[in-house]
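Architecture and fold: a report
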Amino acid sequence: MQIKKVFNNNVVLAQNEWDQEMVVMGRGLAFQKKAGETIDTAKIEKTFVLEKRGVSDKLAKLLRDTSELYLNIASKILDYAKSQLSYKLDGYLYVDLADHMSFAIKRQKTNNRKCVWFYREPVP
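A positive phi angle is found at D19, which is not glycine, with a value near 60°. Of note, Q32 is a non-glycine position whose phi angle comes to about 55°, a positive value. Within the fold, Q32 resides in the loop between β3 (21–25) and β4 (46–49). Classification of Q32 as exposed rests on a relative accessible area of 70%.

Structure, rendered in structure tokens:
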């Protein structure tokens, strides 16, 4: 498996031997690695296959802009959800959840609470 793009030390965009693009995660997976190098498969913990063309650029931006902390929290939440639910969850949910947490926390830190009134209004 070859690295196409490094997002951080633990997340890369890679291409497997069947030319499938995928996001691969693992502790220290990309430490001191760069595009074109191979991945130590023993370090892979999670793999998300990108099924749609053009998604990798959007995903790359999301992963680059999202803290590793939120990616790890989203992973733990979805692992728990998978253990409790009887149906399969979409792999993109992981990135969506991490992005949502990142955006919500940024808004909280900047005191941008434009939608808070909606949640505080009593239901008639």
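That shown, we press on.
In a beta sheet, neighbouring strands pair by backbone hydrogen bonds and run either parallel or antiparallel. Overall, antiparallel pairing links the four strands, which are arranged β1-β2-β3-β4 in an open sheet. Both edges of this open sheet fall to β1 (2–8) and β4, since each of them pairs with a single strand only. Mean inter-strand twist for the sheet, computed between neighbouring axes without regard to direction, equals 25°. Relative to strand β2 (residues 11–15), β1 runs antiparallel, the two being bridged by five bridges. By the bridge assignment for β2, I3 is matched with A14.

With that settled, the discussion passes to the pattern of salt bridges. Evaluation of the coordinates by the stated rule reveals two salt bridges. Put simply, E21 and K4 hold a salt bridge, and the shortest N to O gap is 2.3 Å. With a gap of 17 residues between them, E21 in strand β3 and K4 in strand β1 connect regions that are remote in the sequence. The class of K4 is partly exposed, set by a relative accessible area of 36%. A salt bridge links D79 to K46, with the nearest nitrogen and oxygen atoms 2.9 Å apart. Pair noted here: D79 is in helix α2 (residues 68–84) and K46 is in strand β4, with a separation of 33 residues, a long-range link.

This paragraph deals with the nonpolar core. V11, V23, L63, L71 and Y94 are the most contacted members of the largest nonpolar core, which has 18 residues in total. Of all the elements, α2 adds the most residues to this core, at five residues. Among all residues touching V11, those that are not within four sequence positions of it are V6, V23, V24, M25, L63 and L71. Membership of the second largest hydrophobic core comes to eight residues, among which are V12, M22, V24 and A30.

Moving on to α2. Taking 1.5 Å as the rise per residue, α2 with 17 residues should run 24 Å; its terminal C-alpha atoms sit 25 Å apart, in good agreement. Along α2, the residues classified as buried are Y70, L71, A74, S75, L78 and A81. Viewed end-on, α2 has its buried residues packed into an arc of 140°, placing them on one side of the element. Facing away from the buried surface of α2 by more than 90 degrees, the exposed residues are L69, K76, Y80, S83 and Q84.

A few words now on helix α3 (residues 92–109). Look at α3: 26 Å from first C-alpha to last across 18 residues, which is about the 26 Å you get at 1.5 Å a residue. All buried positions along α3 are accounted for by Y94, V95, A98, M101 and S102. Seen end-on, α3 carries its buried residues on one side only, within an arc spanning 130°. Positioned one or two residues after α3, N111 has a phi angle of 60°, which is positive.

How each quantity is defined
- Residues numbered from 1 in each chain as written.
- Predicted model: local features only at pLDDT ≥ 70, side-chain atom pairs only at ≥ 80, totals over all residues.
- Heavy atoms only, no water.
- Helix = DSSP H or I, 4+ residues; strand = E, 2+ residues; numbered from the N terminus.
- Buried < 20%, exposed > 50% of the residue type's maximum accessible area, 1.4 Å probe, protein only.
- Pairing = 2+ DSSP bridges.
- Axes fitted to C-alpha atoms, helices over the stretch in contact; angles between N-to-C directions.
- Salt bridge = Lys/Arg side-chain N within 4 Å of Asp/Glu carboxyl O.
- Core = buried A, V, L, I, M, F, W, Y, C linked by side-chain atoms within 4.5 Å.
- Contact = heavy atoms within 4.5 Å.
- Expected span 1.5 Å × (residues − 1).
- Arc of directions from axis to C-beta.

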